[in-house]
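Report on the structure
Listed below are the residues making up each chain.
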Amino acid sequence: MANYILERIVNSDSSFFYPAAHYYQTFIFLKEEKFRKEKKEFFRKLRVAETVINDHIDMQLSFNSIMNKSMSNSVKIPSFCVVDAYKEQKENNVKIMEYFLGSLRSLVGNYCSVAELREASKVSPKQPGFLEKAFSKIEKFIDNDKNKTRKVQGGQKIRMQNVDKYFKSLIESRCIACELNDPDTIPNSSIYSNQEDVDNESCSNRSALIQLIADDYGVGVSLEKTLISIFNEANSEEEIEKELKKENLIPYSRKMFWKKLVDTEVLKIPKVGVEMECVIMSDTQCNGIPKLDRNEAIALNFGIDTYDSKLNCLNVLYNPIYDNEEQFKEKKKIMFPKTYVKRMLSVTEYELAKQNFEFNKIARLDLNKLKTIDLREFGCLRDDDFYRANIIPAEREGLKNELLKQNVIDDQGFLLADYDVTKGFDYPQCPAYSEAVMHLIGRKFVVEIVRRQWLKIQDTTSKRGPDYLKAINLLPLKPYRDMLADLMAAHVISGARVTEEDGSKLEKEISKLKNADDQERKILSEFFENHQSVYSRPVTPEFFLDPLERTLRIGSSSSNIFNELIAFHLMELDSVIDVKNRKWTWKMICLTSLLASIIIAGGAASVGAGAFLTYSQILSFGFCKDLLFMGGFSDIAYAVTTILLRKDFTWADYGRQRIRSAMGKVDPIETIKTIYKLSDDSKQDIKPWIKTNSAHKWMQHGRKKEAESGMANTQCKSSTCMETDDEGQTGEMC
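Residues numbered from 1 in each chain as written. Predicted model: local features only at pLDDT ≥ 70, side-chain atom pairs only at ≥ 80, totals over all residues. Heavy atoms only, no water.

Moving on, we come to the overall build of the protein chain. Helices and strands together make up the secondary structure of the protein chain, namely 32 helices and nine strands. Counting the 734 residues in the protein chain, one finds 48% classified as buried. Residue pairs in contact within the protein chain that sit at least 24 positions apart in sequence constitute 78% of those at least 6 positions apart. Accessible surface for the protein chain amounts to roughly 37500 Å². Of this, 54% is attributable to carbon and sulfur atoms. (Helix = DSSP H or I, 4+ residues; strand = E, 2+ residues; numbered from the N terminus. Buried < 20%, exposed > 50% of the residue type's maximum accessible area, 1.4 Å probe, protein only. Contact = heavy atoms within 4.5 Å. Areas by Shrake-Rupley, 256 points an atom, 1.4 Å probe, with all protein chains shown as cover.)

Given below as structure tokens:
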């Protein structure tokens, strides 16, 4: 009955306002164990719930961004509420929603990243217990490997220089991989509409989602075909991004714009002896690298303070996260030439240290040359662009004529030099198209918009200058990564995740890792087991709802967050899905004890009968080996593993293992290993590793909102992204 009610709410037009319905429908799927038989449907419902909660998070963030914009205005308007309290309320709402989001993601397995593995490698592994030591000795005795000794070192970690190698090796073996999601598991593009007809339209739905994102980035070829080809070959996020770059799909980026200006000498080295590419680090980091000499640091001012009205030039940053040298020093930063840092550090030292570096570029901008340079290669409005903007054919000709009439573009589709993008575009015949066309202009001529904002520096005061310099933030630092992040948000692709559900292949590949000792393999196994889906764990899971208040008391350091719980109680969204090992009921204990006793007694009788018949020479040992000896052993092993897994006994499972033993497919050593591992796993409750990542969520939201608002008024704020080094930091997909 509950599922029927929730289904009606989920399929209604107003289902966005009921995130609890989407969330708890997923819980019903788990309780009824439908997720095993109807996995595709489960994935789709789970992703729908994830999208709804994400949209509510975005809504809370948008409220907060409005407050931030009002506070950034030069003219302060008296507020009717306490601003800090309002902002804290929205931040707390986001934190609470992210608990629900994290619980959903943990059910299908969290994404893996080399950065998280580095953090996990810092955790000291546990000392092996008595049983583990004893089993290790038995295993080596059986394998006749007495010369090997198990290394047990308290506090040992994964060697940092090997973390990337291990992760790369597991990716190459496809134990970890990014995936292009099955069309049947992707939510409908009209996410809150009825899902009943999605099965018949799943492929076209995925195509539509991909095309929507491709249009947003100006990709002219079939992005879906490119993705299918790349995902068949590449496994890691870095490889996928690299292959997309080779295809040269996106017509513009900050890197391309900067290179064009350097090639045409609009940008030059800031002064003799100072190169453009630089590495920025904190004073503390610099102190931790004795090989770096502070006398080699770049001491150079930049920003609007360096504007020379006579030469009409100034020093600018590739990523203007600092307004000037004074702000740079206030944050206790120091800048070195990149080639100097790479020369002073070894390859290993540089690879480890660069994770905490900021990479940037500094150059001298010649505004006279910037004004005359031809940038038409970066933007042209064509007929296909109107089609991609969903403008009907009957209106396209009228819109083009109006654009020509209002001196927006020329007859070739290029933006006219005297057009002011802040004035907008008026289309009286159908005003609804005015905004769509302005969005199209902002997207197609973003490079030209940046150029014009920079040129305003020569006619402005120092107060407005930094804002004009930050117009370069309209050009994405990592457009292909941004596009992959959007594809991931639409559930078209998935980030790096453990691919083997039963974990057997993963364990085998970890055991093959070169130069890895036992403790390192143990840490790797534990790390990736924590990232596996809950239902792929060996012990049968039991799902339940944990009160949100108790979860927050354990995981939150902010006491004020409990003030927002009343709103979630009113939404009936007040319990988080949790999981633990299946508990025994009296009925299960009685039934299991009876059947286990019968099967174990039968197995022991089978072994005994085999021994008697062999000793009496009635039957040969070869005949009795698989049928009686191994058959009896497998009966006992089946009873033990079923108890450890907390599963129900079924005659079908019993029959299958009996047939396998009779065919000689039972390996006693592997069976003993499996029993030992299950005994270790069954002692610990399953705890889903719920990750919340609000900092990244805010950053991603800020990037999108800045891009949208920047197209209209060409005002943007500083990007918080530090990763401008194409050679180095590639990061993870979010």
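After presenting the structure, the write-up continues.
Time to look at helix 25 (residues 518-531). Between its first and last C-alpha atoms helix 25 spans 20 Å; for 14 residues at 1.5 Å apiece the expected length is 20 Å, and the two agree. The set of residues buried in helix 25 consists of Q519, E520, K522, I523, L524, S525, F527, F528 and H531. Its side-chain oxygen at 3.2 Å from the backbone nitrogen of Q519, D517 defines the N-terminal cap of helix 25. (Expected span 1.5 Å × (residues − 1). Polar contact = N/O pair within 3.5 Å; in protein donor to acceptor, adjacent residues only side chain to side chain.)

A few words now on the pairing of strand 6 (residues 358-366). Consecutive side chains along a regular strand alternate between the two faces of the sheet. Of all nine residues making up strand 6, seven are buried, and the element is well covered by its neighbours. Here two bridges tie strand 2 (residues 267-268) to strand 6, and the two strands are oriented antiparallel to one another. In the sheet register, K268 faces strand 6, and the bridge partner there is R364. Both strand 3 (residues 277-282) and strand 6 contribute to a ladder of four bridges, which runs antiparallel. Paired with V279 across the bridge in strand 6 is F359. Note: strand 4 (residues 313-317) against strand 6, five bridges, orientation antiparallel. Within strand 6, the residue paired with N315 across the bridge is R364. (Pairing = 2+ DSSP bridges.)

Although it is not a glycine, N248 adopts a positive phi angle of roughly 55°. With respect to the helices and strands, the residue N248 is situated in the loop between helix 11 (237-247) and helix 12 (254-263). Judged by its relative accessible area of 54%, N248 falls in the exposed class. For N407, which is not glycine, the phi dihedral falls at a positive 55°. Relative to the helices and strands, N407 resides in the loop between helix 19 (393-405) and helix 20 (432-444).

Taken as a whole, this structure holds 15 aromatic pairs when the rule is applied. Aromatic side chains F16 and F17 sit 5.3 Å apart centroid to centroid with 75° between the ring planes, which places their arrangement in the edge-to-face category. With relative accessibility at 59%, the residue F17 sits in the exposed group. Taken together, the ring pairs connect Y23, Y24, F100 and F568 into an aromatic cluster. It is R376 that lies over the ring of F414; its NZ or CZ is 4.9 Å from the centre. (Phe/Tyr/Trp six-rings, centres within 6.5 Å; stacked < 30°, edge-to-face > 60°. Lys NZ or Arg CZ within 6 Å of the ring centre and 35° of its normal.)

Next up on the list: the packing of helix 10 (residues 223-233) against helix 11. Packing of helix 10 against helix 11 leaves a shortest axis separation of 10 Å and a crossing angle of 135°. Judged by the angle between their axes, helix 10 and helix 11 are oblique. For the pair helix 10 and helix 11, the sense of crossing is right-handed. Every residue of helix 11 that contacts helix 10 at T226, L227, I230 and F231 is listed here: I240, E243, L244 and E247. (Axes fitted to C-alpha atoms, helices over the stretch in contact; angles between N-to-C directions. Parallel < 35°, antiparallel > 145°, perpendicular 65-115°, else oblique. Left-handed = near helix turned anticlockwise from the far one by under 90°.)

Following the sequence through the fold, E247 ends up in helix 11. Residue E247 is classed as partly exposed on the basis of its relative accessible area of 43%. C-alpha of E247 to C-alpha of T226: the two residues are 21 residues apart in sequence and 8.4 Å apart in space.

Moving on, we come to the nonpolar core. In this structure, F257, L365, L370, L403 and W454 are the most contacted members of the largest nonpolar core, which totals 49 residues. For this core, the secondary-structure elements that each account for two or more residues are helix 12, strand 4, strand 6, helix 17 (367-372), helix 19, helix 20, helix 21 (446-455) and helix 22 (465-469). Of the residues forming this core, the biggest block, six residues, is contributed by helix 21. Residues within four places of L370 in sequence aside, it is in contact with L261, V266, L365, R451, W454 and L455. (Core = buried A, V, L, I, M, F, W, Y, C linked by side-chain atoms within 4.5 Å.)

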